[in-house]
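# Structural overview
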Amino acid sequence: MQLSELPTPCYVIDEDQLEANLKILSQVMEDTGCRILLAQKAFSAYGLYPLIGKYLKGTTASGLYEARLGRQEMALLPELKDRNLETHVFSAAFREDEFEEIASLCDHVVFNSFAQLEKFRETARKHGAGIGLRINPQCSTQSDHAIYDPCAPGSRLGITADQFSEDRLEGVEGLHFHTLCEQNADDLEKTLDAVEEKFGRYLSLPQMKWLNFGGGHHITRKDYQIPLLERCIRRIQEKYGLQVYLEPGEAVALNAGVLLTRVLDVVENGGVSIGILDTSAACHMPDVLEMPYRPPLKDSGLPGEKEFTFRLAGPTCLAGDVIGDYSFHEPLKPGQELVFQDMAIYSMVKNNTFNGMGLPAIAVKRGNQCRIWKQFGYENFKCRL
C-alpha cells in the first residue's frame, strides 16, 4: 500500500528511520563496549523486535508484562538466539504474586529500596537474576518537565546517599540511575559527577559488576554529543572496571513514525478557526496534554506564520482535547489528511479508548511501501471496560 491508501487515524512506523537510529546506537556500543537496551515504556511495537534485536542487546521492563513481552518477542526469538539478548526490569515496587515469574524472565532485577531487596533477594537468586539497586544522585538537570524529574525533592525513585548502607548490599552486583529526559550528554556528565561523589565508594566494591545509566539519552538527535557520551562510558569502565548499560527509549524510535489523521469538520468560535480531527490528543497522543507539548505537523507553521491559522482538536467531549494551533497556506477542509510527526514514541504505548474513541491502526513503512500491522475495533474498546 501507499501512504495515501492507509486508513485514518493510523500510526505509521518508518522502518528505515528506525534502522538508521539503531545503527547509531550500535556504533556507540562498538566504540565503547557498553550494552544498550530498548526501554519498552517508550516503544513496544514488538513486530519490529526482530530488527531491533539485530542491533541492540535486549530490552528493559517496568513490570511483568513488559518483561514477558521483551523475553518472548526478542530474547527468545530463534533468529536472535545467538545474540545472547538480555531482559532487565525495574519497578518502584514489585508485587508478591508476580515476582517469581519476573525473576524467571529477567537477567537483571533492579530494586528501588532496601526493603524490596530484602523481601525478594532469595527469589531473584534462585532464578539466577543479577541484582541491582536504583540510586538517586539528587542531581536535577531538567527544568522544563518536572513531572519527569526523578531527582525532584520528595521523589519516590531511587535510594539517596544518606539512606544508603554498605552493610545491606548482600547479593547486589550493580547500581542503576535514571535522571534524564530528552537530554544531551553534558547533563549525563554532570549527573555522573554527582553519582561518583555520592556513590563512588560503592562502585569500587569487589562485588560490583555493572552500572546502568538509565534512559533519557537523546543519542539519535542531530545535535547529540556522542563523543562526550562515549567519554562518560569509558570513564566508568576504566575507573571502576564495570560493564556500562544504557536503556534509551525515545532514541531508538526518535522521528521514526507519524500519525495520519483526517479533518472531520471546521468550526468557528470568537474569531478562532478550529479543525476537528479524527484523532484525539487525550486518546492517541496523551503526552500532548501530559508534558505538555505541541507536536510537529508536516507542511504547517507556527500560529500567524502562514496566512490561515487553525486550532486542531479531537472529537471527544473533553473541552481540553486540543492538540495545538498551526498555520497553513490554504484553509483546512473536511476530508483533508494531516500528518503529525515523531509519533512512534510514547503514543502507541499510552493510547486509550476514552469516550469510546477507536484506537488508530498501526502500519509499517519501508521505502515507499506500507503494510498494515494491526487494526482495532469495538472489542478492543469493550474488553478494557
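Please read these numbers as outputs of a predicted model, since none were measured by experiment.

## With respect to the overall build of the chain
- For the chain, the count of helices and strands is 11 helices and 17 strands.
- Here the C-alpha radius of gyration of the chain, 22 Å, is about what a compact globule of 385 residues would show, namely 21 Å.
- Once the C-alpha set of the chain is aligned to its principal axes, its extents read approximately 65 × 40 × 40 Å.
- Looking at the chain residue by residue over its 385 residues, the buried ones come to 55%.
- Taking all contacts inside the chain whose residues are at least 6 apart in sequence as the whole, residues at least 24 apart take part in 71%.

## As for the pairing of strand β11 (residues 257-269)
- Two elements, strand β1 (residues 10-14) and β11, share four bridges in a ladder whose sense is antiparallel. In the sheet register, C10 faces β11, and the bridge partner there is L260.
- The pairing of β11 with strand β15 (residues 337-341) spans five bridges and is classified as antiparallel. Within β15, the residue paired with T261 across the bridge is L338.

## A look at the side chain of Q183
- By the secondary structure assignment, Q183 is in the loop between β8 (172-176) and α6 (185-203).
- At 2.9 Å, the side chain of Q183 and the backbone oxygen of T141 are in polar contact.

## Looking at the sheet that holds strand β2 (residues 35-36)
- The nine strands lie next to each other as β2-β10-β9-β8-β7-β6-β5-β4-β3, forming an open sheet whose pairing is parallel. Edge positions in the sheet fall to β2 and β3 (38-39), since each of these pairs with one other strand and no more.
- In terms of strand pairing, strand β4 (residues 58-61) meets strand β5 (residues 86-90) through four bridges, oriented parallel. The residue of β5 that forms the bridge with T60 is H88.

## As for a nonpolar patch on the surface
- A contiguous nonpolar surface patch, about 240 Å² in accessible area, is contributed by L289, L318 and F354.
- Among the secondary structure elements, L318 is positioned in the loop between β13 (308-313) and β14 (322-328).
- You can call L318 partly exposed: its relative accessible area is 38%.

## Quick notes on the pattern of salt bridges
- A complete count under the given rule lists 24 salt bridges for this structure.
- With its nearest N and O atoms 3.0 Å apart, the salt bridge here joins E122 to R125. Of the two residues, E122 and R125 both sit in helix α5 (residues 114-126), three residues apart, roughly one turn of that helix.
- Owing to a relative accessible area of 35%, R125 belongs among the partly exposed residues under this scheme.
- Connected through shared salt-bridge partners, E15, D16, E19 and R366 make up one network.

## A word on unusual backbone geometry
- Each neighbour pair has its own omega, and for T8 with P9 the value is -5°, a cis peptide bond.
- Locating P9 in the fold gives a position in the segment before β1.
- In this structure, P292 follows M291 across a cis peptide bond, with omega equal to -10°.
- For P292, the location among the structural elements is in the loop between α10 (287-290) and β13.
- If you check the backbone angles, Q138 has positive phi at about 50° while not being a glycine.
- With respect to the element layout, Q138 can be found in the loop between β7 (130-134) and β8.
- A positive phi angle is found at D342, which is not glycine, with a value near 55°.

## A look at helix α1 (residues 15-32)
- Between its terminal C-alpha atoms α1 stretches 26 Å, which fits the 26 Å expected from 18 residues at 1.5 Å a residue.
- For α1, the full list of buried residues reads E15, L18, E19, N21, L22, L25, V28, M29 and T32.
- Residues of α1 that are buried in the fold lie against β1, β2, α2 (49-55), α7 (226-240), α8 (250-253) and β16 (361-366).
- With a side-chain oxygen lying 3.0 Å from the backbone nitrogen of D16, the N-terminal cap of α1 falls on D14.
- G33 sits one or two positions beyond α1 and adopts a positive phi of about 85°.

## With respect to the packing of aromatic side chains
- Counted according to the given criterion, the structure contains 16 aromatic pairs.
- Ring centres of F94 and F99 lie 5.2 Å apart, and the angle between their planes is 70°; this geometry places the pair in the edge-to-face category. Each of the two residues, F94 as well as F99, counts as buried.
- Over the ring of Y326 we find R294; its NZ or CZ atom is 4.0 Å from the centre of that ring.
- In this structure, K374 packs its charged tip against the face of W373, placed 5.2 Å from the ring centre.

## Structural notes on the packing of α6 against α7
- It is the contact of α6 with α7, at a shortest axis distance of 10 Å, that shows an interaxial angle of 10°. Judged on the interaxial angle alone, α7 and α6 are roughly parallel. Of the residues in α7, those touching α6 at A185, D186, L188, E189, L192, D193, E196, G200 and L203 are L228, L229, C232, R235, I236, K239 and Y240.
- Of the residues that constitute the contact of α6 with α7, the class distribution is nine nonpolar, one polar and six charged.

## Quick word on α6
- Given a rise of 1.5 Å per residue, 19 residues ought to cover 27 Å, yet the end C-alpha atoms of α6 are separated by just 21 Å, more than 12% below that figure.
- The sharpest bend along α6 measures roughly 60° and falls at E197.
- For α6, the elements touching its buried residues are β8, β9 (210-212) and α7.

Reading the values: rules and limits
Residues numbered from 1 in each chain as written. Predicted model: local features only at pLDDT ≥ 70, side-chain atom pairs only at ≥ 80, totals over all residues. Heavy atoms only, no water. Helix = DSSP H or I, 4+ residues; strand = E, 2+ residues; numbered from the N terminus. Rg over C-alpha atoms; globule rule 2.2 N^0.38 Å. Buried < 20%, exposed > 50% of the residue type's maximum accessible area, 1.4 Å probe, protein only. Contact = heavy atoms within 4.5 Å. Pairing = 2+ DSSP bridges. Polar contact = N/O pair within 3.5 Å; in protein donor to acceptor, adjacent residues only side chain to side chain. Patch = residues over 30% accessible without salt bridge, like charges linked within 9 Å, V, L, I, M, F, W, Y side chains within 5 Å. Areas by Shrake-Rupley, 256 points an atom, 1.4 Å probe, with all protein chains shown as cover. Salt bridge = Lys/Arg side-chain N within 4 Å of Asp/Glu carboxyl O. Expected span 1.5 Å × (residues − 1). Phe/Tyr/Trp six-rings, centres within 6.5 Å; stacked < 30°, edge-to-face > 60°. Lys NZ or Arg CZ within 6 Å of the ring centre and 35° of its normal. Axes fitted to C-alpha atoms, helices over the stretch in contact; angles between N-to-C directions. Parallel < 35°, antiparallel > 145°, perpendicular 65-115°, else oblique. Nonpolar A, V, L, I, M, F, W, Y, C, P; charged D, E, K, R; others polar. Bend = angle between axes of the 7 residues up to and from the residue.

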